[in-house]
Each structure stands twice: as C-alpha cells, then as structure tokens.
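Fold and contact review
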Amino acid sequence: MNAPFRPLPPALASAAERVKAAVRAACERTIESLGLAALSSNNVFQRDGLLGAQFELNRKSAIFALTFNGAFDDRLLREVRPFATPDAAPTSWNELSLVDDHEVDVQVAAERFGMQISQHCDWELRDLDTCVGPMLGSTGAPRGETPPRNPLRPEIIGYATIRAIESVSDRADVRKVLEAEFIRSLTATLPQIYSSVMGELRSVGIKPVGMSERLADRAGDRANDRANDRSHDRSAAQNPRGADSGQAPLGGPAQGLSSRGGGLGDSKSMPSGGQSPRRSGGTPLGQVDVELMSLMRRLTVDSRGGNGRGGGEPNAEGHSRSGGPSNLGDFDSGETPFDGYTEDGLRLAAPNLIRAHRDELRGASSGALDHMVIDVVGSLFDQILSDPKVPPQMARQIGRLQLPVLRTALGDPTFFSSRKHPVRRFINRISSLASAFEDLEAEEGKLFLQLVRQLVQGIVEGDFDQAEVYERQLAALEAFVNEQARQEVSEQGDAASLIAQKEGEARVRQHYANRLEGELGSLAVPPFVRDFISQVWSQVLVKAHLTDGTDDSRFKRFRHAGRELFMSVQPKGTPAQRKTFLMQLPKLMQELTEGMDFIAWPAESKKTFFGALLPAHAQSLKGEALSTLDFNLLARQVDKVFDTPIPSQAEVSHSSDPATTSEEAILPTLTAEEIQRIGLVDEASVDWSGKVDIEIGAEPALAEVDIAIDGMPAPEPIEPMQGKSLAAHVQIGYAYQMHLEGAWHKVRLTHVNPARTFYVFSRGRKHKQAISLTHRMLVRLCESERLRAFESAYLVERATARARRQLAKVTPGAAALTA
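Because the structure is a prediction, the values reported are computed rather than measured.

**Some points on the overall build of the protein**
Each helix and strand in the protein was counted, giving 31 helices and seven strands. Relative to its full complement of 819 residues, the protein shows a buried share of 49%. Sequence-distant contacts, at least 24 apart, represent 74% of the contacts inside the protein between residues at least 6 apart. Put simply, the protein shows about 38,600 Å² of open surface, and 53% of that area lies on carbon and sulfur atoms.

Here is the structure:
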C-alpha cells in the first residue's frame, strides 16, 4: 500500500512556493522574449515558429501554471516521502507497473533540462544540499543508506516544466522552442531563488549538517588522517623528489603543481568529475575542519593588524620567514614599503601568508589532498604577488585575499578548473581594471582603489566561504566601473550621448518609413516612386522635422513636394491637368533636388531616380485619365498619408529592430564636426596593406600550457586576447593596445552602445582623447592584429602558467607532460 500522506515541512513548503512564483514569472518573461526574438529574426520559418510558440503560451499560461504546480507537488512528495515516512509498508507486487516510452523520454528531458540549469547555480545548489537533512527533519540517512537528495534540484523543476509545456501544445517544434526559452529564463532566475531559500532557512534556525556531523562522527577518522600525514611527511623527507608518487616536493617552489590540466593540481590526486572529492580518511573535501577555519579566521584578523602576527612568525628584524613585514596591515596603505622575495628570487608586493603559516595550516587540516591544495595555492600567490603587470597597490589588496582564496580552494575543487568561478573572476577583474589606469595615484585611480579596499574588506570580514559574497562584490564593482566610464566619456565630448541620439533618430526614420510603405501599398503608383517616398523622402521629412520642427516652412515644403511627386505620375487626361502639371514641374524638381541634397543622397542614386522619373511623367500625359471623382479621392488619400504625424523618439524607443542601430543607418547622419568630436576612426585612414610590428611579450600563449587534467571537469574555453574573436570579448574598463598613426597606444574601453555597434576608447594620461570605432572597424583592427589586449591572459591564468613552467624546471620528467 502507498505511504500515508504527510504535509511538507514548513520550510520546504515555503521554498516550493518561491519556486512556483519564480516559474510563473519566468513564463511571463518567456512570452515577452519570444516576441522580441521573433522581431529580430531574419528567418521567416524561425519567426513563424517563435510567434506560434508565443501565441500558444500566452493563450494557455494559466494551464501551464496549474500543470506545473501539480507536477511539481507530485514529484516533491515523491522525493520527501521516503524520509518523511520511514515506517511505510513495502510496495506490493500488485502495485508494480511498466514505465512507457513517453515517461522515459520525459525523465531524460528533465535530466537534460536540470543539467543545463545547474551549471549556472552550482554554488547555490552546494549550499542548499547541506541543509536537506535538517529541512526534512533528519540529519541524513543512516550509514550504509542513500542520503536524502535535494527535492528542489533543477531536475525536479525541469520535470514539472516539461509536463507544463506538454499541456501548452502537442507540436514538437513548439515544445522545443518553449523548452529552450524556459532554460534561458530559469538559468537567470534560479540562482537568486536558491540564495533566498538559503537565507530563509538560516533565518528559521536550519544549519548545514557538514561540520557538526564531522565533529561528532569523524573524530577517529581525523586522528587516523593525521597519523597518515605524519607518516607521509616522514617519507617525503626521505624522498624529497617524490620519486614514488611522481609529485614535486610539497615544500618546493612549485609544490603540488601539475603541468597538465585546466587548473592547478595533480591529476592523480584530484577527484574525478561528477563525484564528491574525499580526503584520505574518507571525509568529503567540502567539509573543511572547524579547527582549520578557526585558524584562517585568526590569521585573517591578524593580517589586518590585530596582533602583529599576520605575516608569519617574525624574526629579530621584524620580518617573517617570507622575507617581509610580519603585519599585512603595515603595507596595505602603501606607506610601508615591502621588500620580500620568494626562495626563487621573485620579488613580492606583499608577504605570502600561506607560505609563512604553512606548518600551522597543514597541522589544522587533514588529508594529503588538503596539504597539496595548501601548497598549490601558496605557489599560486607567489606568482600573483610578483606579477609585473599588477600595480603594487592592487597586488597588496589581492594579497589580503590569500586565506579566503585558500578556503575556497579547499572547499570547492572547481576553483581550479572553472574560469567563471566567482573568486577567480573577482581577482582577475580587479587586476585587469587596475592595469588599465595610467596612474593609480590620480583622482580616478584613488577612487577605484578606495572601492576595491572596501570590497576586499567586506570579503575578509564577511562569510568569505560563500559564493554570494563575491557575486555581490562583483556587482558593486561593475556598477562603479560603468559609472566611472560614463563620466569619463562625457568629459571627452559625450560621444555616448551623441551615438544614442543618432540611434534614436534612426529608429524614428525606420518607423516612419515602414508606416509610409504600409499606407502607400494599396494606392496605384509605380513601384520605384513608392520606394523612393517611403525609403528616401521619409528621411528628408524626418530630418527636417528633427531640425526645424513641423511648423517650419521647409518641412511643409518637403511634405507638399512628396504629395506632388505621388500625384505627378498619375494619368492626366484633361488639358487643364496637363497645364497645371507642366507649370508645377520645375518647382517640384527643384524641391526634390533640395531634399536629396539635404540628406546627402548619393549623386549616382539621384541620377538613377531622375532617369526613371522622366519617362513616368511622359507616360502620365498619354495614359487614360482618371475621372474627376477618382482623382479627388486619390488626392485626399495621399493628403491623409502625408498628414500623419512623425513619431517621437519616446514612441519608438521600444523598437528592437537591429537595422535601426546598424552602422549603415547611423554613419551617413554624422557630420564632419561630429565625427571629429567623437574621434571616429575612418577605415580609409589606416594602411591595411602595411605590416604591423607586434612586440611579442615574455608571456607565451596560454593555450600552450593549459591542457585538461584527466578526471577533472573540462575548463571553459580561454577568452581570446588577440585575433578576430577578441572583438566579441572586449569589456568596459579593460586596457588594450591599439596601433594607430604608425605607433602603439595603450587605450581603455569606456563605452559600448547597447547594440554593440559603436565603441569608445580613451587615450592619454592627463589630456585624454576619445577614439571611437564602429563594430566593423573594431573587427578589422582585431583581425589585422592592430588591436589586442594589454594582458596576455588574466592574472590567475598567468600565474598558473608561470607556476607550471617553474614546476617543469625543477621536477624531473615534468617537462614532458607539457608537450
């Protein structure tokens, strides 16, 4: 018999309601996104598919929500029931049934759905998984049994979403479109939902089970771990080269580093992908020892100047064993110089706390894998703190993150393989932004350093073992950089506002042209005249309207000329109509010429148009005349068309047509004075045939040393630092090398318009100069190697590459692994 129904725990019920609300909101966003995607699609069949999916989802959104709620509740109860009703009777053989093929397909689709979403909320899921036991009223499954799984995992949400999509349409193509759109929408929503659920669970007193369970149940394992560690240390002392294990000595300059892999570490020691990594005693890696965490907290406080022990045990001269001041807070302000070196002669901008407290950290941790991670991160910070492209002021701030980074590396092995890891992104971002400043002692540099100091302080004093802390700091950093870039570009001539203005005018022109084309479509007129009025003369009217207003005489003359042009090609059967036409023709031709010159229409196009207009006029004098009634009705229709008001920029601001913001729509409207004001680089001014003398830096290409580790998750693709693909990865605030006027210049990207068709860079130290590029120009510069990133790679990746090269020099046989 089935287990009796029991209500969900209150915390889980509240979390489930959050998920349902999020899916309903995702449904509304999906309806809007499908419409926008259809408008921007150039493929007719794709546009029809998107519009069909939007129509079905909009019509059955209520059914979608009801179906999702029902399927989600059923799966939720099925997930919770084994742990909520331990005394349930075993299932009878009479209740067993076969699963049909469709159900299997739904399960597979739900798994795929959940996997795609979980890649973007991995940290949030890890935190939520630790609270599953307390949330279900249990500290976990007994030994030997399967522990409870997270009932709110993306797979469950994906299953309910697939069921709800099936209720919307029975067409496979519509379901496929809706599934893809919901994946995109939920990917952006679920991380925040999981974070809010964790916050609610903490507020009601639910705590993760990891640390308390380890202290209670793993004390014997920890003692065994430390005994094994002492034995390992003795064997390592007898065999310093690690001949038996094939590893570098843990105390060496490149300890524990592997020259093969997407991240740092030994491929033989690292866990396989998809499994929870474990220490030598069997304890999960994510459950960092309380003793180790307490030590990190103490060292972090000490490093800020709490008791003078932040830089290691001081010697008689007040320096730590790493060769620098014993107090990390002494040089944070920059007033106290630091003159420390590693054992390999690398000059450090800050003391390496992990090196200085290596014995304490290793003693507080358990397992050889933890010890290796400590040495790996210590070696990584040797390279980070000695990097020549990082300004010393910024290196000191990054030095304050040593212990938070170590905590992250011990608890999350994806730190080594994922370039999108929030901790790595934060370090890389502040380093690259600092390198872009010409002088950090200038006013804007000081403001940036002040912000970074505050953000780092928030990490050090906060829960630095939580990914949300770094995500919040990254969001604050991005907001500051964007605002600072906006102020900088406005001081250089306000190129951003000028481009935005031109984009708004282009939207008005396109919207008005489409309106004229639709209204003239049903009227009898030669096609070339209809196209000229809707596509060309509409530009004349819009420009006159934006320049002079609708009450100006020039606008009125141009509007009258458009009406007369339309009527001039109509048949004229009476002598009076022919006489009137011949008398008005010279003035009409004069106004048409004036309007074409007003928008700088090409001379060749003018010649072609007039060449077609003259025969049409001659034919109108010979054709069968319209009746007086038909002629007057047509004239009134044409008057109504041209009396339609031109829309304002506010009315068309929602337009998402990419053609309205393209280079072809904006460049012809820029005057010579405006081009000079925004520093727009003309393609004709660049000698594309000449060869560029590219200085090759000391850093090799990252791809030469970044090879995937066996058993580790494959690292994300390396972001390009040069070549054509760099154009798609330029970021505001970053520094680049641009070859202009026969020389290399360091420039900083300060503005990118929303359509990514115009880019504004700044050049110079005191008197800054704006340099603007169209997207086509940017691509050509990147493709011809005339624009490349200032850095050969991001900071963490550069440090990783140097650490591996160092390992190859000191470890026998390691060089062969890099090939």
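**A few points about the sheet that holds strand β6 (residues 769-774)**
Reading across the sheet, the five strands line up as β6-β5-β4-β3-β7 and stay open at both edges, with antiparallel pairing between neighbours. With partners counted over all chains shown, the strands left at the sheet margins are β6 and β7 (787-789), one partner each. Each neighbouring strand pair of the sheet contributes to a mean axis angle of 40°, computed without reference to strand direction. Of the pairings in the sheet, the one linking strand β3 (residues 735-740) to β7 comprises three bridges and is antiparallel in character. The residue bridging Met738 from the neighbouring strand is Leu787, located in β7. The sheet strands contacting helix α20 (residues 467-491) are β4 (743-752) and β5 (758-763), and the helix crosses β4 at an angle near 115°. Packing of helix α29 (residues 775-783) onto the sheet brings it into contact with β5, β6 and β7, and relative to β6 it is tilted by some 95°.

**Some remarks on helix α24 (residues 575-598)**
For α24, spanning 24 residues, the distance from its first C-alpha to its last is 35 Å, which sits close to the expected 34 Å at 1.5 Å a residue. At Leu585, α24 shows its largest bend, some 40°, and a proline, Pro586, comes one to four positions later. What α24 keeps buried is the set Gln577, Phe581, Leu588, Glu591, Leu592, Gly595, Met596 and Phe598. Buried residues in α24 make contact with α22 (527-548), α23 (553-568), α25 (603-620) and α26 (628-643). Phi for Ala600, located one or two positions after α24, is positive at around 55°.

**Let's talk about the pattern of salt bridges**
Summed over all chains, the structure comprises 32 salt bridges. Across the salt bridge formed by Arg355 and Asp382, the nearest N and O atoms sit 3.0 Å from each other. Residue Arg355 is located in helix α12 (residues 353-356), and its partner Asp382 is located in helix α14 (residues 368-385); the two are separated by 27 residues in the primary sequence. Between Glu488 and Lys768 there is a salt bridge, with its nearest N and O atoms 3.5 Å apart. Taken together, the residues span a long stretch of sequence, with Glu488 in helix α20 and Lys768 in the loop between β5 and β6 at a distance of 280 residues. Glu488 gets classed as buried once you look at its relative accessible area, which sits at 4%.

**Quick notes on the packing of helix α7 (residues 154-168) against helix α8 (residues 172-203)**
One way to put it is that α7 packs onto α8 with a least axis distance of 11 Å and a crossing angle of 145°. Crossing of α7 over α8 shows right-handed handedness. Between α7 and α8, the residues in contact are Pro154, Ile157, Thr161, Ile162, Ile165, Glu166 and Val168 and Arg175, Leu178, Glu179, Phe182, Leu186, Leu190 and Tyr194, respectively.

**Describing the pairing of β4**
Within β4, seven of the 10 residues are buried, which leaves the element mostly enclosed by the surrounding structure. As paired elements, β3 and β4 share six bridges and run antiparallel to each other. Its bridge partner being in β4, Leu740 is matched across the sheet by Ala743. Joining the antiparallel neighbours β3 and β4 is a turn of two residues, in which Glu741 adopts a positive phi near 55°. Relative to β5, β4 runs antiparallel, the two sharing five bridges. Residue Val752 lies in a different strand from β5, and its bridge partner there is Tyr759. Between β4 and β5, which pair antiparallel one after the other, the connecting turn spans five residues, and Arg756 there sits at a positive phi close to 55°.

**Quick notes on the nonpolar core**
Counting residues in hydrophobic clusters, the biggest one holds 83 residues, and the most contacted among them are Leu406, Tyr736 and Phe761. The element contributing the most residues to this core is α14, with 10 residues.

The rules behind the values
- Starting from 1, residues in each chain are numbered consecutively following that chain's sequence as written.
- The predicted nature of this model means local features are confined to residues of pLDDT at least 70 and side-chain atom pairs, given and counted, to a pLDDT of 80 or more, with totals for whole chains, interfaces and linings taken over all residues.
- Excluding hydrogens and water, the side-chain values take into account all heavy atoms of the structure.
- Runs of E in the DSSP output that reach at least two residues are strands. Runs of H or I that reach at least four are helices, and both are numbered from the N terminus.
- Burial classification: accessible surface area is computed with a 1.4 Å probe over protein chains only, and a residue below 20% of its type maximum counts as buried, one above 50% as exposed, and the rest as partly exposed.
- The contact rule is simple, with two residues in contact once any of their heavy atoms fall within 4.5 Å.
- Working definition of accessibility: Shrake-Rupley area with a 1.4 Å probe, residue cover restricted to the visible protein chains.
- At least two DSSP bridges between two strands are required for those strands to pair.
- In this analysis, axes come from line fits to C-alpha atoms, helices being fitted only over the stretch in contact, and the angle between any two N-to-C directions falls in the range 0 to 180 degrees.
- Take the residue count of a helix, subtract one, and multiply by 1.5 Å to get its expected span.
- Note that the bend at a residue is defined as the angle between axes fitted to the seven residues ending at it and the seven residues starting at it.
- We define a salt bridge as a side-chain nitrogen of Lys or Arg found within 4 Å of a carboxyl oxygen belonging to Asp or Glu.
- Handedness of a crossing follows from how the near helix is turned relative to the far one, being left-handed for an anticlockwise turn of less than a right angle and right-handed for a clockwise one.
- The definition of a nonpolar core used throughout is a set of buried Ala, Val, Leu, Ile, Met, Phe, Trp, Tyr and Cys residues joined through side-chain atoms within 4.5 Å.

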